[in-house]
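Listed here are the chains, written in short residue letters.
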Amino acid sequence: MANYAPHAYKGLIQGSDREAAIKALFESVGGKVAGVMFTRGLYDIVINAEVPDQAAGMGLALAVRASGSVTDLVVLEELDMKAVLTAANKAVGVYKPAG
């Protein structure tokens, strides 16, 4: 999810094909885009996509942030809840709270 910076709106108005650019961006790191949604509300754009690993996702996000074309970039990562709960159950037996 992200918002466009003011100068990027000019590109949108002039007809820049953002969906094609986004798909090419994700493909460049081995990812795949399932959907690009331009939205009204808190964010201007929401992208549903997959990348092969965290390094690819963070590299992609770093490149987009460095471009200055978006603000408020939020990356949500899908988790394997079974693995999370396994780790939590191991940790809960060991963690000693302060006080």
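Residues numbered from 1 in each chain as written. Predicted model: local features only at pLDDT ≥ 70, side-chain atom pairs only at ≥ 80, totals over all residues. Heavy atoms only, no water.

Draft legend 1. Expanded view of the overall build of the protein chain. Of the regular secondary structure elements, the protein chain holds four helices and four strands. Here the C-alpha radius of gyration of the protein chain, 18 Å, is well above what a compact globule of 99 residues would show, namely 13 Å. Overall, the C-alpha framework of the protein chain stretches about 60 × 30 × 25 Å when taken along its three principal axes. Among the 99 residues that make up the protein chain, the fraction classed as buried is 19%. (Helix = DSSP H or I, 4+ residues; strand = E, 2+ residues; numbered from the N terminus. Rg over C-alpha atoms; globule rule 2.2 N^0.38 Å. Buried < 20%, exposed > 50% of the residue type's maximum accessible area, 1.4 Å probe, protein only.)

Draft legend 2. Structural view of the nonpolar core. A2, Y4, A8, I22, F26, V33, V36, I45, L60, V64 and V70 together form the largest nonpolar core, which totals 11 residues. When contributions to this core are tallied by element, the ones reaching two or more residues are helix 2 (18–28), strand 2 (32–38) and helix 3 (54–67). Apart from the residues lying within four places of it in its own chain, the contact partners of I45 are M1, A2, Y4, I22, V36, M37, F38 and T39. (Core = buried A, V, L, I, M, F, W, Y, C linked by side-chain atoms within 4.5 Å. Contact = heavy atoms within 4.5 Å.)

Draft legend 3. Region of the structure containing the environment of V51. As for its position among the elements, V51 is in the loop between strand 3 (45–50) and helix 3. For the pair V51 and V74, spaced 23 residues apart in sequence, the C-alpha to C-alpha distance is 15 Å. Each residue touching V51, except ones within four places of it in the same chain, is listed here: F26, V29, G31, A56, G57 and L60.

Draft legend 4. A look at the pairing of strand 3. Pairing geometry for strand 2 and strand 3, over six bridges, is antiparallel. Its bridge partner lying in strand 3, M37 is registered against V46. Connecting strand 2 to the next strand, strand 3, in antiparallel fashion are six residues, including G41 with a positive phi near 140°. (Pairing = 2+ DSSP bridges.)

Interpretation in functional terms is not warranted from these geometric data alone.
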